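These are the residues of each chain, in order.
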Amino acid sequence: MKEPIFTAPWPAMTLIGLILGLYALQSTFGTDEHLVYLFGLNPAQLSVPTSYNLVTSLFLHGNWGHALLNGFFALAFASGVARAFGTGPSGAASFFIYYIVCGIAAGLMYCAVYPDRYVYLIGASGAVSGLMGAAIRLGRGYLLPLTHPRVVGMTLAWGLINILSAFVVITPGSGPIAWEAHIFGYVFGLLTIGIWLKLFHKSFFHADLTF
């Protein structure tokens, strides 16, 4: 029997649907920036009462190019993480929680480095980068070490791409890119996927997963 061409697990597809669907909803508000001011992450204004912006900012995007780019990277890297966690209810819940935790970590680290920067951060890039860092370490029932050539190569490539993005516009019209948050999210996923799996998905290390 032939393998289906498109085999992305449903939690990954749901995530992509959320990224694109929520931007479609956001775009119905036209060019009104009120949503960004309400729900975007501003390091200079981050406090306990506004901490919800660490989460809400993940579900806003600057334009369709921004949303589609994040959807593309989510499709490429979320599938492996979703399979590792499992596609049952508990695995799917863990997947979405981990995704949000990666986004929160990326936002917090950005705010810690630039506590006085008055800018509104929006987009799923930090969280998606976390999934990317996690996915690059996943083998079939084991984790690749940080020194593995695949891990080192991807880390160097992602770092270079994001540093270059500080000087080259990737998605026209979406404004400056918070490339540091991408790197923070990637490193967080890279370093925490093993801990997450050992805490919540020990069965991963005994499974022969198909990627």
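Residues numbered from 1 in each chain as written. Predicted model: local features only at pLDDT ≥ 70, side-chain atom pairs only at ≥ 80, totals over all residues. Heavy atoms only, no water.

**A look at the side chain of Glu180**
Rules: The helix count covers DSSP runs of H or I at least four residues long, the strand count covers runs of E at least two residues long, and both are numbered beginning at the N terminus. When a residue's accessible area, from a 1.4 Å probe over protein chains only, is under 20% of the maximum for its type it is buried; when over 50% it is exposed; and in between it is partly exposed. For the purpose of charge, His is not counted, nor are the chain termini; Lys and Arg are scored as positive and Asp and Glu as negative. A side-chain nitrogen of Lys or Arg and a carboxyl oxygen of Asp or Glu constitute a salt bridge if their distance falls within 4 Å. Contacts between residues were defined by any pair of non-hydrogen atoms, one from each residue, lying within 4.5 Å.
Here Glu180 shows up in helix α8 (residues 179-200). For Glu180, which is buried and forms no salt bridge, the nearest opposite charge comes from Arg117, at a distance of 4.1 Å. Once residues within four sequence positions are removed from consideration, Glu180 is found in contact with Tyr110, Tyr114 and Arg117.

**A closer look at the environment of His182**
Relative to the helices and strands, His182 resides in helix α8. Separated by 20 residues in the primary sequence, His182 and Asn162 have C-alpha atoms spaced 7.3 Å apart. Among all residues touching His182, those that are not within four sequence positions of it are Ser125, Gly126, Ser129, Trp158, Asn162 and Ile177.

**Concerning the side chain of His201**
Note on placement: His201 falls in the segment after α8. Judged by relative accessible area, which is 8%, His201 ranks as buried.

**Remarks on the packing of helix α7 (residues 149-165) against α8**
Let me state the cut-off plainly: Each axis is a line fitted through C-alpha atoms, and for a helix only the stretch in contact is used; angles between axes span 0 to 180 degrees, taken between their N-to-C directions. Each angle is binned into one of four classes, with values under 35 degrees roughly parallel, values over 145 roughly antiparallel, values of 65 to 115 roughly perpendicular, and all other values oblique. Handedness of each helix crossing follows the sense of rotation of the near helix against the far helix: counterclockwise by less than a right angle gives left-handed, clockwise gives right-handed.
The geometry of α7 relative to α8 is characterised by a closest axis approach of 8 Å and an angle of 165° between their N-to-C directions. Here α8 runs roughly antiparallel to α7, going by the angle between their axes. Pair α7 / α8 crosses with right-handed handedness. Along its contact with α7, which presents Val151, Met154, Thr155, Trp158, Gly159, Asn162, Ile163 and Ser165, the element α8 presents Trp179, His182, Ile183, Tyr186 and Leu190.

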